[in-house]
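# Structure at a glance
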Amino acid sequence: MAAQEHFERLKQGVQTWNTWRQEHQGIRPDFTGANLMGANLMGADLMGADLNSAFLSGANLSGTNLSGANLTRAHLIRGVNLTGAILSGAILRNAYAVLANFKSAVLRDADLSGAILSGANLSGAILRSANLSGANLSGANLSGADLSGANLTVSHLNGAHLSGAVLRDADLNGAILSGAILSGADLSGADLRRAILIGTIFERANLTGASIYGISAWNLQLKDANQCDLVITDKGKPIITVDNLEMAQFIYLLLNNERIRQVIDTITSKVVLILGRFTPERKAVLDALREELRKQDYLPVLFDFEKPKDRDFTETVSTLAHLARFIIADLTEPNSIPHEVATIIPQCKVPLQPLLIQSAAIREYSMFRDLTLYPWVLPIFRYQDTMSLLASLKEHVIFPAEQKAQELAKLKGGEYSS
């Protein structure tokens with residue numbers, strides 16, 4: 001009796017199928033395009049069966065032996081149960097397996113290239129050396145799965161759950177892992193070149209020795225992740241490693257883009273941070289100061305403390321201060337400046353040149369004297385008006401600030417005493 005004649009009997013239970021298999025040993029069962037929806041094939045021996053384009057929606061294939069079976073373009077959608085099934089070496093190219101249950105299934109060396117597995121349950125599955133290139137695994141559950149040496153090139157894993165998964169030496173070149181959860185996953189030696197990592201969770205993950213050339217990494221969660229020996233160069237190039245995934249792109253740009261290096265050099269040698277009040281009278285002085293600094297070939301950055309504080313201003317001004325060649329702070333009519341200056345000076349060894357309009361009624365605020373104990377704080381320069389300030393800017397502001405910057409550069413890494 002031919003295998004095709006058993007379609008209806010297969011729906012009745014596994015006994016009919018196993019009996020037929022015993023009677024027709026050596027014959028490759030051909031179920032090409034067959035309708036086996038809802039069939040009970042639990043524990044059946046379907047080794048090497050041809051199920052090309054077969055309809056298996058809702059079928060019970062738990063514990064079934066499908067080793068070497070051809071399931072190309074098979075329909076394994078919602079409700080199909082492949083829990084614990086043996087699919088080693090099986091071919092599932094372009095199979096449609098949305099929400100299919102492959103929990104604890106064995107898919108070693110299986111070919112799932114181009115398969116649609118979005119939302120599928122592959123938790124605890126064995127996928128060692130499996131081919132999942134181009135597969136759609138969006139939102140799939142792969143927690144605890146073994147994907148050692150698997151081919152996941154250009155696969156879609158956005159939103160996938162891979163907590164505790166083993167991806168040792170897996171090929172994820174060009175894979176999309178946006179929003180994927182890889183907490184506690186083992187990615188040691190994995191190839192993540194050109195992968196898209198946006199909002200990806202790598203908490204407690206092991207990334208030792210992973211290749212990360214060309215990655216797109218934004219807003220990653222890397223708490224307690226092992227990031228040792230990350231390879232930032234492409235294959236065939238001299239190996240360069242770093243120990244921080246988020247810094248990798250920046251380091252690579254520094255090494256390979258002369259223009260980026262020039263930008264960094266420009267920032268650290270030309271930026272001048274200007275601090276002061278933005279009342280109409282004081283703003284006019286600051287604007288004139290900024291314009292004159294431009295003429296002196298600097299890149300002035302004017303920080304406005306009067307605008308609405310929609311973010312942590314202290315953090316922002318501190319970041320700008322660390323990038324600056326030197327800082328100019330106008331202490332006339334201080335408002336927020338005392339707090340910002342008191343935050344910057346102790347933690348940022350950048351020359352700070354304080355300014356103060358010359359007037360019997362105006363003195364520096366009392367707490368500023370304590371800050372002058374830091375050696376990078378220069379003596380206050382008192383000016384009569386805007387015109388006199390600009391006329392003496394080069395001699396009494398720029399020159400002493402530059403001199404102090406050079407002095408600090410020579411002493412970088414040393415200890416300062418007050």
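## What to know about the nonpolar core
Counting residues in each nonpolar core, the largest one holds 80 residues, and the members touching the most others are Leu87 and Phe102. Other than its neighbours up to four places away in sequence, Leu87 contacts Leu66, Ser67, Leu71, Leu82, Leu92, Phe102, Ala105, Val106, Leu107, Arg108 and Ala110. One finds Val317, Ala329, Phe368 and Leu371 within the second-largest nonpolar core, a separate group that totals 22 residues.

## Quick notes on helix H5 (residues 280–295)
Taking 1.5 Å of rise per residue, the 16 residues of H5 would be expected to cover 22 Å, and the 23 Å separating its terminal C-alpha atoms lies within 8% of that figure. Along H5, the positions that sit buried rather than exposed are Arg282, Val285, Leu286, Ala288, Leu289, Glu292 and Leu293. Viewed along the axis of H5, the buried residues span an arc of 160 degrees, placing them on a single side of the element. Residues of H5 that are exposed and angled more than 90 degrees away from the buried face: Pro280 and Lys295.

## What to know about the environment of Ser138
For Ser138, the location among the structural elements is in the loop between helix H2 (14–23) and strand S1 (196–198). C-alpha separation for the pair Ser138 and Ile116, spaced 22 residues apart in sequence, amounts to 8.8 Å. Ser138 has contacts with Ser118, Gly119, His156 and Asn158, leaving out every residue within four places of it along the chain. Only 2.8 Å separates the side chain of Ser138 from the side chain of Asn136, close enough to count as a polar contact.

## Brief notes about the environment of Ile398
Relative to the helices and strands, Ile398 resides in helix H10 (residues 393–410). On the basis of relative accessible area, Ile398 is assigned to the buried category, the value being 7%. Remark: the alpha-carbon pair of Ile398 and Gln353, spanning 45 residues in sequence, is separated by 8.7 Å. Setting aside its immediate chain neighbours within four residues, Ile398 contacts Leu293, Gln296, Tyr298, Phe326 and Leu393.

## Comments concerning the pattern of salt bridges
Per the counting criterion, the structure on display carries 14 salt bridges. Note that Asp186 and Arg168 form a salt bridge whose closest N and O atoms lie 2.8 Å from each other. Of this pair, Asp186 sits in the loop between H2 and S1 while Arg168 sits in the loop between H2 and S1; the two residues are 18 residues apart in sequence, bridging distant segments of the chain. Notably, a salt bridge pairs Asp287 with Arg290, separated by 3.0 Å at the nearest N-O pair. With Asp287 and Arg290 both in helix H5 and three residues apart, the pair spans about one turn of that helix.

## Overview of unusual backbone geometry
At Ser104, a residue that is not glycine, the phi angle is positive and equals roughly 60 degrees. Within the secondary structure layout, Ser104 lies in the loop between H2 and S1. With relative accessibility at 37%, the residue Ser104 sits in the partly exposed group. Positive phi outside glycine occurs at Arg204, with the angle close to 65 degrees. Structurally, the position occupied by Arg204 is in the loop between S1 and strand S2 (216–218).

## Some details on the packing of aromatic side chains
Tallied over the full model, the rule gives two aromatic pairs. Here the aromatic rings of Tyr298 and Phe326 are separated by 5.5 Å at their centres, their planes lie at 75 degrees, and the arrangement is edge-to-face. Taken together, the residues span a long stretch of sequence, with Tyr298 in the loop between H5 and strand S6 (299–304) and Phe326 in strand S7 (residues 326–330) at a distance of 28 residues. For Phe326, a relative accessible area of 0% puts it in the buried group. Residues Tyr374 and Trp376 carry aromatic rings whose centres are separated by 5.5 Å and whose planes lie at 40 degrees to one another, so their mutual orientation is tilted.

Parameters at a glance
- Residues numbered from 1 in each chain as written.
- Predicted model: local features only at pLDDT ≥ 70, side-chain atom pairs only at ≥ 80, totals over all residues.
- Heavy atoms only, no water.
- Core = buried A, V, L, I, M, F, W, Y, C linked by side-chain atoms within 4.5 Å.
- Buried < 20%, exposed > 50% of the residue type's maximum accessible area, 1.4 Å probe, protein only.
- Contact = heavy atoms within 4.5 Å.
- Helix = DSSP H or I, 4+ residues; strand = E, 2+ residues; numbered from the N terminus.
- Expected span 1.5 Å × (residues − 1).
- Arc of directions from axis to C-beta.
- Polar contact = N/O pair within 3.5 Å; in protein donor to acceptor, adjacent residues only side chain to side chain.
- Salt bridge = Lys/Arg side-chain N within 4 Å of Asp/Glu carboxyl O.
- Phe/Tyr/Trp six-rings, centres within 6.5 Å; stacked < 30°, edge-to-face > 60°.

Spatial relationships are all this shows, so hold off on functional conclusions.
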